[in-house]
Structures are given as C-alpha cells and as structure tokens.
Amino acid sequence: MSETRVHDASKQKMDKPLELVCNEDGKLQLNPEALKVLQSIEVPMVVVAVVGPARTGKSYLMNCLAGDKKGFSVDSTVQSHTKGIWMWCRSLPQRPNEVLLLLDTEGLGDPDKGDIDNDNSIYLLAILLSSILIYNGQRNIDQQSLQGLHFVTELSKQIQTRSQPDGCSSWDFVRFFPEFVWVIRDLTLDLNVDGKDVTPNEYLEHNLKLKDREISEQDKKYNEIRRCIRNHFPSRCCFAFPIPTHGKKLKQLQELEDKDLDEDFVTEQQNLIKYIHTHDKVKKVVGGQLITGRRFAELAKVYVGMMADGVIPCVESSVAKLAAVENQAAVDEALKFYDDGMKKFSESDCLTMSKLIENHNVRSIEAFNIFHKRSMNNSGKHIQQLEEKISSTYNSLMVKIKEKFEKECETHVEIVMSSIKENLTSGHYQKPGGIQELKKDFDKAIKEYEGRTKNEVEGLAALTHFLEEVKPHLDHVQEMDSELTAKRMRVSAFEQELKRVTQGMKMMEQKRKVAEECRNKEIMDQISKMFEEGKTCSVEELKEAMEHMRSEMEKYEVEGRMEDAQRAQQRYESLKKKYEEATEWSFMKFIEENAKYFTTLLNAVGTMAKLCASIAKT
C-alpha cells in the first residue's frame, strides 16, 4: 500500500501575507521562509498577481480576493507601502483540490524609487509566475492609462521563449502568458460606445482596437501598445469599479462594511471575487504541466536567479531546469520508499527468496507510482536512474539472502538427514524390507525439512544435492532388498523423489518469471500512463492557444486589419501544426526516441532474471 502523503488543499492557507521577493536597492532576492511555506504545498495553484501604478489600491483589492481586509498592508498616505512581492496563500472553497496564491506587487512608477528597470523586473516576475495577471488602473481606459502598460512593448526583449531562439516573436508568448484582467478603479464615466451601453469586457476590447492607418509616429505608438497587449494577452477580461464611497470615508476604506459602500462597487467586487474563485486558471508551464506550491518555489528560484545573473529569462530552459529538479526529487522520493521498505524486510525474520521477490515487485511498482505522481515531462533518463538503483538494491539483497539461505538449508539438511545418512553408511537398511523403512524415514525427514525451509527453491536445491550425494547408497539398498520385484528394481523411489524436487524447482522458477513479467508490465503501464497524461496536457495547452489565436485573428479581420490578421493566421497555423504533431505522437515513438534509456531498463530486468535462474541451478 502506498505510503505517500495525502494533502488536503483546504488546509493550505496562511494566516497572514509573507514577503516572497525582497527588493533591496533594486536587487531582487527570494525570502527562504516564503519558499519553505511554498515547498510544503503539493496541490495545484491558481496564482493571481496584481500590478499597477503605486497607491492605486492594489493591496485592498487583493485583501478582498483573500476574504480578509486586514491581510496585505494598506495605507492612505501618499507613500507606497508594498515593496517587492508579497504572497498570501488562501483556500478555494469551490475548488477543494486547488489553492489560491495571491501576489501583491510593488507599485509601478513610484517617484520615491525612480527605477524603471526595477519596475520592469517586478512586472516581469509577476507575468512569469502568475496564471491571472490583474492590472489595477484608475478612472477609465484611454491613451494615457494604456501608456502605463508601456513595458509590455519591451517584453519580447526581456523574455526568451526558447533556449535557441529562431525568429521567435511575441506570438510565442501565447502558450504561457497569464490571463489579463483589467480592473478599472474609481470609474466615473458611463460605459457607452457610439451611443450604446456596453459591458466592461466590450469597453476593454473597444479601447484595444487599432487605428485604421498608421501615418504618423503617434499613430504607430498608439497601435504598438494595443497590438502588444493583444499579442501577449489573447485571453482578456475587464471589471469596472465605481468610486466606493466619498469624502473622508475613503481613508478608512478597509475598515468599512459592505453596507457602507456604494452598491455598484460591492456588486462589481463580488463579481471579481466570484470570477477569480471559480475560474479554471491553474498555473501551468509550457507543455501544460500543473504547478504546485513546491514547483512554484523552484520556478521562482530559477527566474530570480537568471535575473540576478543578468541573464534574459528563458521560458524553455527554466521549465527544463524545473523538470530536472522535480524529476530528481521524484527519483529520490521513490527510492526512499523502496529502500526503507526493503531495509525493513531485510531486518525481519522472514528472509526467503520468494518473500524478497514478492516485496521487491510490490515496492518497485509503488516506487514507480510515486515517481509518476511527482515527475515532469516523461524523463527517460530519470526512469533509467530509478530502475538501475532499484535493481542494484534488489540484486545486493538477493545475493545476501541467497548466501544466507544456502547455508541455512545445508544445515537443515545435515540435521534432518543425519540419522538417514548414518544408517545408509552403516548398512542398516541393507536387509529385507529395508527400502520400505528407508522410505518411511525419508518421508518423515522431508516433511520436517520442508517445514524448516518453507519449500523454497534454495531448499529444494540443497535437497537435490543431498539426494545426488547419497544416490549410490540408495541404489545399493534397492539391490539388497529381496522384497522388490524385478519391475520395481528399474524405478527407484528416490529417483522419483529427485524428479519431483526438480520439477518443483522448475515450477517455482516459472512463477518467479511470471511475477517478474507482471511487475515489468505494470511499470511499463505506468510509464505509458505518464506519457498519455503529458500528451494530454500538451494537446490541451496547444488547443487553448489555438482558440485564443483564432479569436484574435477574427477580431483583426472585423477591424479591417488584414496584415495583423495574416500574422495571426500564420501563428495559428504554426500552433495547429504543433497540435497535430502532439496529437499524433504515440507511446511507441516515445519509446523509440528514448530507446537508450529503456534498453537499459530491459537489460536490468534481464540481469535479474539471469540471477534468479543461476540460483535455481546452484
């Protein structure tokens, strides 16, 4: 039975926020205490990050999502309160198998800091780490507010999607960028376009439309920011909040009850909370792998490390590093389970070869199951490593038990057969009826011996050796026994016993082989399941990206932006090709591409089978 821990997502929450990224003199560092908390969370996470200008109420907004108005630090003064990135893990009652991780970021454009590069680093981390990015803007969506997102145009320079870039563009970001949520605060205008009332989402899309022609530099800049937002964030929505209250009450906003706030403000606040709490947007990486708290901590370390080294964060290599860490940890966890169980077995009083094989088969299958649950991206290299280390432990125990049991069986033979051997040597059975007396004594000794050796193959091997040793004496007894008929003279009772023992050994060895084959099939079934799950994640991710790109392409066509529509079409076709390749990808192709790893696995299995066979022949 599995000894892996069961994690209750409903219990994975923090009483108060904790600083995740420290921002000291423009240098970003991770808080070890926060990483420790994250590493204890082994369920998928919905990661919501908020960015926006300083002193616009981001922390208040995140407290509302957390269901606790006294979490993130909120202040009514002109100075920015939040520095770096703070995190707060909360439960999701509607989705008990997931948790909500809120990231409150340092305000952008803080005059006290005056460091645009540092702002971009904070924003970049928020994008790379989140599955939903909230931009907290004020009053309405116009050219000025859109300019507040000017750093979006720099993202293609600050992020690499592939370790070997070959013409990648902003379109490549569609597979891993978070969903974009624009929250308009203190809206005073009516949501009306061309004389018609519109929803917040329609209002956002209207303001992201491109100008028909790009004649002047101003036109180009106007379109550039909108094009970048659309290309980088194909999944978008908007929530519009009116002013919550008036006068001095605004300074005590976090202290006010809903009944003291504007009714429309409360309604929109509830709409946003419901959307975040129920929307299926778990954090994933390229390839569709779900991100748990533990994986999130490793990913944060990779990205912050790259930025600290002055390296442009690369999504592909970051995911590869995360997978390498996770897969090695999966190997270590699986091996610990196997080694602990086999050590306990080796210290028990039931050390027999059949028990060893039984324990090995059960433990190794469960070890691969543990590896399967934690590993990423079907790593043939780590599967090979796990199998080789399990095989090494198993073979060492097998040799140890073989040597121990052989000695014990030889001792048991000497004890139970001593009187028979003495009588054979002295000629006691060389008399009429001696063969019957010998058979009676031998049957009794065999019964006692089988009880001592638990009818193991090694016990049968020792018995066979004894029978071969005393066979000349047995033949002589038969020749001297006048009660035997001429027919019975040809068939020795003890030759029949020897044949029975030999057949028993073959049957037991066959059972071992069958058990080993079942074990190997179970492990290959688990590897196949790992492959299919990884394939499903990748296919779903590509399908979602295709749908986003198709939708954007259609919007450009409606707007008459045929060049942009054509570029979107090209990206859609590229995604479609990858989708079709992923759909057609088979387990057999995977095995072929990883042949060197699985050949090693099969060779290791073959070594075990040969060792078992050699024991039977001893």
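(A) Quick look at the overall build of the chain. Counting its secondary structure elements, the chain contains 19 helices and twelve strands. Counting the 618 residues in the chain, one finds 51% classified as buried. Pairs at least 24 residues apart make up 76% of the contacts formed inside the chain by residues separated by at least 6 positions. Counting every atom, the chain has about 30,400 Å² of accessible surface; 50% of that belongs to carbon and sulfur.

(B) Inspection of the side chain of Asn31 at higher detail. Its location among the elements puts Asn31 in the loop between strand E2 (27-30) and helix H1 (32-39). Accessibility expressed as a relative area gives 15% for Asn31, which makes it buried.

(C) Seen up close, the environment of Arg294. Its location among the elements puts Arg294 in helix H9 (residues 293-308). Residue Arg294 is classed as buried on the basis of its relative accessible area, which comes to 9%. For the pair Arg294 and Lys36, spaced 258 residues apart in sequence, the C-alpha to C-alpha distance is 8.7 Å. Ignoring sequence-local partners within four residues, the contact set of Arg294 consists of Leu38, Gln39, Ile41, Glu42, Glu326 and Arg374.

(D) Quick look at the pattern of salt bridges. Per the counting criterion, the structure on display carries 23 salt bridges. For Lys281, the salt bridge goes to Glu544, with nearest N and O atoms at 3.2 Å. Of the two residues, Lys281 sits in the loop between helix H8 (263-278) and strand E11 (284-285) while Glu544 sits in helix H16 (residues 493-558), which places them 263 residues apart along the sequence. Relative accessible area serves as the criterion here: at 36%, Glu544 is assigned to the partly exposed category.

(E) Main features of the packing of aromatic side chains. For the structure shown, the criterion picks out nine aromatic pairs. Consider the rings of Phe531 and Phe587, whose centres lie 5.7 Å apart with planes at 55 degrees: the pair is tilted. Of this pair, Phe531 sits in helix H16 while Phe587 sits in helix H18 (residues 587-593), and the two are 56 residues apart along the sequence. Each member of the pair, Phe531 as well as Phe587, is classed as buried.

(F) Layout of the pairing of strand E4 (residues 85-91). Most of E4 is tucked away, with five of its seven residues classed as buried. Where strand E1 (residues 18-24) lies against E4, three bridges are found, and the strand directions are antiparallel. From the neighbouring strand, Val21 faces E4, where its bridge partner is Ile85.

(G) Focus on the environment of Gly305. Along the polypeptide, Gly305 turns up in helix H9. On the accessibility criterion, Gly305 (26% relative accessible area) is partly exposed. A sequence separation of 276 residues divides Gly305 from Gln29, and the C-alpha atoms of the two residues are 8.4 Å apart.

(H) Representation of the sheet that holds strand E6 (residues 132-138) in the model. As summarised here, the arrangement of the eight strands in space is E2-E1-E4-E5-E3-E6-E7-E10, forming an open sheet in which the pairing is mixed. The open sheet has two free edges, formed respectively by E2 and strand E10 (236-242), since each of these has just one partner strand. Across the sheet, the mean angle separating the axes of adjacent strands is 20 degrees when strand polarity is ignored. Relative to E10, helix H6 (residues 200-207) is tilted by about 115 degrees, and along the sheet it contacts strand E7 (179-187) and E10.

(I) Layout of the pairing of E7. A large share of E7 lies buried, amounting to eight of its nine residues. Here E6 pairs with E7 via seven bridges, running parallel. Each bridged residue has a counterpart across the sheet, and for Ile134 the counterpart in E7 is Val181. Examined bridge by bridge, E7 and E10 share six bridges and lie parallel to one another. Bridge pairing in E10 links Val183 to Phe239.

(J) Focus on the nonpolar core. With 96 residues, the main nonpolar core has Val48, Leu103, Trp182 and Phe296 as its most contacted residues. No other element matches helix H3 (residues 116-129), which puts eight residues into this core.

(K) Focus on the state of the cysteines. Following the criterion strictly, the structure yields zero disulfides and no others. For Cys238, which is in no disulfide, the shortest distance to another cysteine sulfur is to Cys237 and amounts to 7.6 Å.

(L) Region of interest: helix H7 (residues 217-232). With 16 residues, H7 ought to run about 22 Å at 1.5 Å a step, and its terminal C-alpha atoms sit 22 Å apart, in line with that. Those residues of H7 lying buried are Asp219, Asn223, Ile225, Arg226, Arg227, Cys228, Ile229, Arg230, Asn231 and His232.

(M) Representation of a negative patch on the surface in the model. A surface patch of like charges, here negative, comprises Glu573, Glu580, Glu581 and Glu584. Assignment of secondary structure puts Glu584 in helix H17 (residues 562-584).

(N) Spatial organisation of the packing of helix H12 (residues 380-426) against helix H13 (residues 434-453). Between H12 and H13, the least distance of the axes is 10 Å, while the angle of their chain directions is 165 degrees. By the angle between their axes, H12 is roughly antiparallel relative to H13. The two elements H12 and H13 meet at a crossing, and its hand is right-handed. For the pair H12 and H13, contact is made by Phe405, Cys409, His412, Val413, Ile415, Val416, Met417, Ile420 and Leu424 and by Leu438, Asp441, Phe442, Ala445, Ile446, Glu448, Tyr449, Arg452 and Thr453, respectively. When the residues that make up the contact of H12 with H13 are grouped by side-chain class, the tally is 13 nonpolar, two polar and three charged.

Reading the values: rules and limits
Residues numbered from 1 in each chain as written. Predicted model: local features only at pLDDT ≥ 70, side-chain atom pairs only at ≥ 80, totals over all residues. Heavy atoms only, no water. Helix = DSSP H or I, 4+ residues; strand = E, 2+ residues; numbered from the N terminus. Buried < 20%, exposed > 50% of the residue type's maximum accessible area, 1.4 Å probe, protein only. Contact = heavy atoms within 4.5 Å. Areas by Shrake-Rupley, 256 points an atom, 1.4 Å probe, with all protein chains shown as cover. Salt bridge = Lys/Arg side-chain N within 4 Å of Asp/Glu carboxyl O. Phe/Tyr/Trp six-rings, centres within 6.5 Å; stacked < 30°, edge-to-face > 60°. Pairing = 2+ DSSP bridges. Axes fitted to C-alpha atoms, helices over the stretch in contact; angles between N-to-C directions. Core = buried A, V, L, I, M, F, W, Y, C linked by side-chain atoms within 4.5 Å. Disulfide = S-S within 2.5 Å. Expected span 1.5 Å × (residues − 1). Patch = residues over 30% accessible without salt bridge, like charges linked within 9 Å, V, L, I, M, F, W, Y side chains within 5 Å. Lys, Arg positive; Asp, Glu negative; His and termini not counted. Charge placed at Lys NZ, Arg CZ, Asp CG, Glu CD. Parallel < 35°, antiparallel > 145°, perpendicular 65-115°, else oblique. Left-handed = near helix turned anticlockwise from the far one by under 90°. Nonpolar A, V, L, I, M, F, W, Y, C, P; charged D, E, K, R; others polar.

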